[in-house]
Amino acid sequence: MTPLLEIEDLRVSFPTSAGRVEVVKGLNFTLGRERLGIVGESGSGKSMTGRAILRLIQPPGQVSATRMVFDGIDLTSQNERGLRRLRGARMSMIMQDPKFSLNPVMTVGAQIAEAVWAHEKVPRRALKARVREMLDAVRINDPDRVAGMYPHEVSGGMGQRVMIAMMLIPQPDLLIADEPTSALDVSVQAQVLDLIDELIAANSMGLILISHDLNLVARYCDRILVMNAGEVVESCAAADLHKASHPYTRGLLAAIPRINETRPELPVLDRSTWGAT
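What you are looking at is a predicted structure, and each value in this text was computed from that prediction instead of being measured. (Residues numbered from 1 in each chain as written. Predicted model: local features only at pLDDT ≥ 70, side-chain atom pairs only at ≥ 80, totals over all residues. Heavy atoms only, no water.)

Focus: the overall build of the protein
Part 1 of the argument: The number of helices and strands found in the protein is nine helices and 11 strands.
Part 2 of the argument: Taken against the 2.2 N^0.38 rule, which gives 19 Å for 277 residues, the C-alpha radius of gyration of the protein at 20 Å falls within 12% of a compact globule.
Part 3 of the argument: Dimensions of the protein along its principal axes, counting C-alpha atoms only, are 60 × 50 × 45 Å.
Part 4 of the argument: Per-residue burial over the protein gives 46% buried out of 277 residues.
Part 5 of the argument: In the protein, once contacts between residues fewer than 6 apart in sequence are set aside, the share between residues at least 24 apart is 66%.
Part 6 of the argument: Accessible surface, the protein: about 14,100 Å² in total, of which carbon and sulfur atoms supply 50%.
Part 7 of the argument: Looking at charge distribution, the protein has the averaged site of its 31 positive side-chain charges lying 5 Å from that of its 32 negative ones. (Helix = DSSP H or I, 4+ residues; strand = E, 2+ residues; numbered from the N terminus. Rg over C-alpha atoms; globule rule 2.2 N^0.38 Å. Buried < 20%, exposed > 50% of the residue type's maximum accessible area, 1.4 Å probe, protein only. Contact = heavy atoms within 4.5 Å. Areas by Shrake-Rupley, 256 points an atom, 1.4 Å probe, with all protein chains shown as cover. Lys, Arg positive; Asp, Glu negative; His and termini not counted. Charge placed at Lys NZ, Arg CZ, Asp CG, Glu CD.)

A closer look at the sheet that holds strand β8 (residues 174–178)
Part 1 of the argument: With mixed pairing, six strands are arranged side by side in an open sheet as β7-β8-β9-β3-β10-β11. Looking at the sheet topology across the chains shown, the edges are occupied by β7 (91–94) and β11 (231–237). The mean inter-strand angle of the sheet, taken between neighbouring strand axes irrespective of direction, is 15°.
Part 2 of the argument: Across six bridges, the pairing between strand β10 (residues 223–228) and β11 is antiparallel. (Pairing = 2+ DSSP bridges. Axes fitted to C-alpha atoms, helices over the stretch in contact; angles between N-to-C directions.)

Looking at the pattern of salt bridges
Part 1 of the argument: All chains considered together, the criterion is met by 17 salt bridges.
Part 2 of the argument: Here Arg67 and Glu6 are joined by a salt bridge, their closest N and O atoms 3.1 Å apart. Pair noted here: Arg67 is in strand β5 (residues 67–70) and Glu6 is in strand β1 (residues 5–16), with a separation of 61 residues, a long-range link.
Part 3 of the argument: Looking at Glu6, the relative accessible area reads 17%, which means it is buried.
Part 4 of the argument: Note that Arg90 is salt-bridged to Asp173, the shortest N-O span being 2.8 Å. Taken together, the positions of Arg90 in the loop between α2 (80–86) and β7 and Asp173 in the loop between α6 (156–168) and β8 put the pair 83 residues apart, joining distant regions of the chain.
Part 5 of the argument: Residue classification places Arg90 among the partly exposed positions, given a relative accessible area of 24%. (Salt bridge = Lys/Arg side-chain N within 4 Å of Asp/Glu carboxyl O.)

Concerning the environment of Val226
Part 1 of the argument: Mapping Val226 onto the fold places it in strand β10.
Part 2 of the argument: Along the primary structure Val226 and Arg87 are separated by 139 residues, whereas in three dimensions their C-alpha atoms are 26 Å apart.
Part 3 of the argument: Ignoring sequence-local partners within four residues, the contact set of Val226 consists of Val39, Glu231, Val232, Val233, Glu234, Tyr248, Thr249 and Leu252.

Remarks on the nonpolar core
Part 1 of the argument: In this structure, Ile112, Val138, Ile164, Leu175, Leu209 and Ile224 are the most contacted members of the largest nonpolar core, which totals 53 residues.
Part 2 of the argument: In terms of residue count, the dominant contributor to this core is α6 (seven residues).
Part 3 of the argument: In contact with Ile164, not counting residues within four places along its chain, are Ile94, Val138, Val192, Leu195, Ile196 and Leu199.
Part 4 of the argument: Among the nonpolar cores identified, the runner-up in size contains 27 residues, and Phe29, Phe70, Ile176 and Ile210 belong to it. (Core = buried A, V, L, I, M, F, W, Y, C linked by side-chain atoms within 4.5 Å.)

A word on the packing of α6 against helix α7 (residues 186–202)
Part 1 of the argument: Running from N to C, α6 and α7 cross one another at 15°; their axes reach a closest spacing of 11 Å. By the criterion of interaxial angle, the relationship of α6 to α7 is roughly parallel. Viewed along their axes, α6 and α7 form a crossing whose handedness is right-handed. Within the contact between the two elements, α6 uses Gln160, Arg161, Ile164 and Leu168 and α7 uses Gln191, Val192, Leu195, Ile196 and Leu199.
Part 2 of the argument: The residue makeup of the contact of α6 with α7, split by class, is six nonpolar, two polar and one charged. (Parallel < 35°, antiparallel > 145°, perpendicular 65-115°, else oblique. Left-handed = near helix turned anticlockwise from the far one by under 90°. Nonpolar A, V, L, I, M, F, W, Y, C, P; charged D, E, K, R; others polar.)

Description of the side chain of Asp178
Part 1 of the argument: Mapped onto the elements, Asp178 comes out in strand β8.
Part 2 of the argument: Lacking a salt bridge, the buried Asp178 has Arg51 as its closest oppositely charged neighbour, with an N-O distance of 4.9 Å.
Part 3 of the argument: Of the polar contacts made by the side chain of Asp178, one reaches the side chain of Ser47; its length is 2.8 Å.
Part 4 of the argument: When near neighbours in sequence (up to four residues on either side) are disregarded, Asp178 contacts Ser47, Met93, Ile94, Met95, Gln96 and Ile210. (Polar contact = N/O pair within 3.5 Å; in protein donor to acceptor, adjacent residues only side chain to side chain.)

Okay, structure coming up:
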């Protein structure tokens, strides 16, 4: 089966006073219509990877890849017009915090409708019905009322559901979810992730779930890439994460607090064990 996404030797760099610094260093992976988790500490290159795939990194940042192909389309050769046809319509990305992603002067319904209207012309009545159905799909009660609200009038959890609705209403083939629950209370995190999982399965989509939470990706993903300092240090099936062998992954797992914690303090990563800087 042809992979949905093929990435070979992906590199992202930014200029500094000491010269260009690579924040993603030769990343390689393929993705089918499955759920791939990318985990690691803050600054490991997870979010930069997602943004690079959508070609959202602007100068002075530089992105290069030997191969970056989405469903047979070479992303490295696409001009901005070609990328606009793909972004949203076939590849979508849920950002970390809806407060900074939603337009404060547009109603919720108008923003969700715009995600469709930007790629296909739909009669107004049919579009309104489609928005209502999508809000209902993300389990928002009274969708007609919520569609007329502004972002500041909805809670953080509802705002994230609105973002999910906006990204999924064009029915894309690939969804990149960058820390989709980091801004939410623990009480609603599982609800949002369960919702994403259901919608991904129902629409046979590919998912890249970016997170620093190893337990979370082990629960919701099929495969996991562990990143450190811009590189993949370990790749495994999600079910085998507890068998990870790389010292960095073992260190991350050991640092996870437990409900029945008896250790006097959580261990700190010993980077000298694998020559990390």
